[in-house]
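# A closer look at the structure
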Amino acid sequence: MALNTSADAPLPVGEVSRLIGGWIDRLGAVWVEGQITQLSRRPGAGVVFLTLRDPSYDISVSVTCYRQVFEAVADVVSEGARVVVLAKPEWYAPRGQLSLRATEIKPVGVGELLARLEQLKKSLASEGLFAADRKKALPFLPQLIGLVCGRASAAERDVLENARHRWPAVRFEVRNVPVQGVHAVPQVVQAVKELDALDAVDVIIVARGGGSVEDLLPFSDEQLVRAVAACRTPVVSAIGHEPDNPLLDFVADLRASTPTDAAKKVVPDVGEEYERVRFLRDRARRSVQSFIDREERGLAHALARPSIEDPHRMVDERADQVAALLDRGRRTLGHLLDRADSELTHTHARVVALSPAATLQRGYAVLQKADGHVVRDPDEVAAGEALRARVAEGEFTVRVDA
């Protein structure tokens, strides 16, 4: 509830602490899940102190319980274990501290963990975080590889040694972080974000060796899954062994069964690439040589044809035919010309024979009037009219007698 206070009428610290305690006392008991990060069991003490931590959000809260409450699960619960506790919030007024008073503690079994992971997997899949069309292709030959792994771990050694054995010039930007426990998730997320922010990094490998389901839980954390989904750089998941499938495997752009397998999938083998280049070069050389051989055979076949081998042979073979046809043409043309000459002579003779000039040669004359009209009848002329007489050798004028 709101309090009426001012600079002139403040509340004492004890009153404020008392009021906070009163508000907290009104809260009922709640079930809380977390990971035990600190556990204090003092010999002879009737109270056990522990700290519950939420790895995803880096938040912790103190928990106390009576010894007999903790003894019920002491054989299966230790630091790093995930538990569910029934507790009531308490306020310790003298120090102003909030804690939880647990009345029941239950360890989270593997079956429960797997069921929760399956539920989280379905939820994230429904958002499309695992969709195949979101996955980015890895570069053929990365120049700089980001590696997130445990310090001096077998996973780091496997990735570095196998990658450099396959391609000695490859470079790494390594981020050593805890890969299990309460600090794993925030530090792995931070390392992934740092590497993703570097433009020179071509691909990021998140690697860890094998372990139990509880050991691999950080790599199924929702915060880490979303951080990897937001990366612009391709991410390779190399967690555990072949049977292990943390949620990171589904959101990553490529899943490797082991850290060694990750090195093989990310970095090409220089020997294999050299052999591939040699094979392709030989294949190209054979293809070109085969093409040249085929064209040479085709050219040789074409040159072997008689028309190409002796191009004048065809002309020589046709020369006699051409000469014969030419002679025949000349003879035919001569015959035609002779026949035409004979016909022309005959026709000329006929024309001459029928020509009026021939008649005039026989002593006849043609009389024409002044207008050129030929006189055929004596009645056509008048006495004294001048006529023109045309004979074989010329013409002259005559006059009509009465």
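Residues numbered from 1 in each chain as written. Predicted model: local features only at pLDDT ≥ 70, side-chain atom pairs only at ≥ 80, totals over all residues. Heavy atoms only, no water.

In terms of helices and strands, the chain carries twelve helices and 13 strands. Over its C-alpha atoms the chain spans a radius of gyration of 60 Å, topping by over 25% the 21 Å that the globule rule assigns to 402 residues. Going through the 402 residues of the chain one by one, you find that 31% of them count as buried. Put simply, 60% of the contacts in the chain that link residues at least 6 apart link residues at least 24 apart. When the accessible surface of the chain is split by element, carbon and sulfur atoms take 55% of a total near 25,300 Å². Computed over 52 positive and 57 negative side-chain charges, the separation of the two mean positions in the chain equals 4 Å. (Helix = DSSP H or I, 4+ residues; strand = E, 2+ residues; numbered from the N terminus. Rg over C-alpha atoms; globule rule 2.2 N^0.38 Å. Buried < 20%, exposed > 50% of the residue type's maximum accessible area, 1.4 Å probe, protein only. Contact = heavy atoms within 4.5 Å. Areas by Shrake-Rupley, 256 points an atom, 1.4 Å probe, with all protein chains shown as cover. Lys, Arg positive; Asp, Glu negative; His and termini not counted. Charge placed at Lys NZ, Arg CZ, Asp CG, Glu CD.)

The subject of this paragraph is the pairing of strand E12 (residues 386-391). Bridging between strand E11 (residues 366-368) and E12 involves three bridges; their strand directions are antiparallel. Pairing of Val366 across the sheet is with Arg390, part of E12. Where E12 hands over to strand E13 (residues 394-399), the hairpin turn is made up of two residues, counted between the paired strands. (Pairing = 2+ DSSP bridges.)

All right, on to the pattern of salt bridges then. All chains considered together, the criterion is met by 20 salt bridges. Beyond isolated ion pairs, a larger network of salt bridges with shared partners links Glu275, Arg278, Asp282 and Arg285. (Salt bridge = Lys/Arg side-chain N within 4 Å of Asp/Glu carboxyl O.)

As a further point, take helix H6 (residues 222-229). Residue pairs spaced three or four apart in an α-helix point in one direction, given the helix's 3.6 residues per turn. Regarding H6, the residues found buried are Leu224, Val225, Ala227, Val228 and Ala229. Regarding H6, its N-cap is Asp221, as a side-chain oxygen of that residue lies 2.8 Å from the backbone nitrogen of Gln223 further along. (Polar contact = N/O pair within 3.5 Å; in protein donor to acceptor, adjacent residues only side chain to side chain.)

Across the chain, the average pLDDT comes to 87, with 98% of residues at 70 or higher. Confidence, expressed as mean pLDDT per element, reaches its minimum in the chain at helix H12 (residues 356-361) with 74 and its maximum at strand E6 (residues 144-149) with 95. (pLDDT = per-residue confidence, 0-100.)

With a phi angle near 55 degrees, Ala152 is a residue other than glycine that sits in the positive phi range. Structurally, Ala152 can be placed in the loop between E6 and helix H4 (154-166).

If you trace the three strands from one edge of the open sheet to the other, you get E11-E12-E13, paired in antiparallel fashion. Only two strands of the sheet have a single neighbouring strand rather than two, namely E11 and E13. Each adjacent strand pair in this sheet contributes to an overall mean axis angle of 30 degrees, direction not counted. (Axes fitted to C-alpha atoms, helices over the stretch in contact; angles between N-to-C directions.)

So, on to the packing of helix H5 (residues 184-197) against H6. In the contact formed by H5 and H6, the axes pass within 9 Å of each other and the chain directions differ by 5 degrees. One way to sum up the angle between H5 and H6 is to call them roughly parallel. Each of Val185, Val188, Val189 and Lys193 in H5 lies in contact with H6, whose residues at this interface are Gln223, Leu224 and Ala227. Considering only residue class, the contact of H5 with H6 consists of five nonpolar, one polar and one charged. (Parallel < 35°, antiparallel > 145°, perpendicular 65-115°, else oblique. Nonpolar A, V, L, I, M, F, W, Y, C, P; charged D, E, K, R; others polar.)

So, about the nonpolar core. Side chains of nonpolar character tend, in soluble globular proteins, to be buried together. Ranked by size, the top nonpolar core spans 30 residues in total, and within it Val148, Val206 and Val251 carry the most contacts. Secondary-structure elements contributing two or more residues to this core are helix H3 (110-126), E6, H5, strand E8 (203-208), H6, strand E9 (235-239) and helix H7 (247-251). Top contributing element to this core by residue count: H5, with six residues. With sequence-adjacent residues up to four places away left out, Val148 is seen in contact with Arg175, Val177, Val188, Ala191, Val192, Leu195, Ile204, Ile205, Val206 and Ala207. In terms of nonpolar packing, the next biggest core, distinct from the first, is built from 20 residues, Ile145, Ala256, Ala263 and Val267 among them. (Core = buried A, V, L, I, M, F, W, Y, C linked by side-chain atoms within 4.5 Å.)

Attention shifts here to the side chain of Thr233. With respect to the helices and strands, Thr233 occurs in the loop between H6 and E9. In this structure the side chain of Thr233 is engaged in a polar contact, spanning 2.8 Å, whose partner is the side chain of Asp196. Setting aside residues up to four positions removed in sequence, Thr233 forms contacts with Lys136, Asp196, Val201, Asp202, Val203, Ile204 and Asp253.

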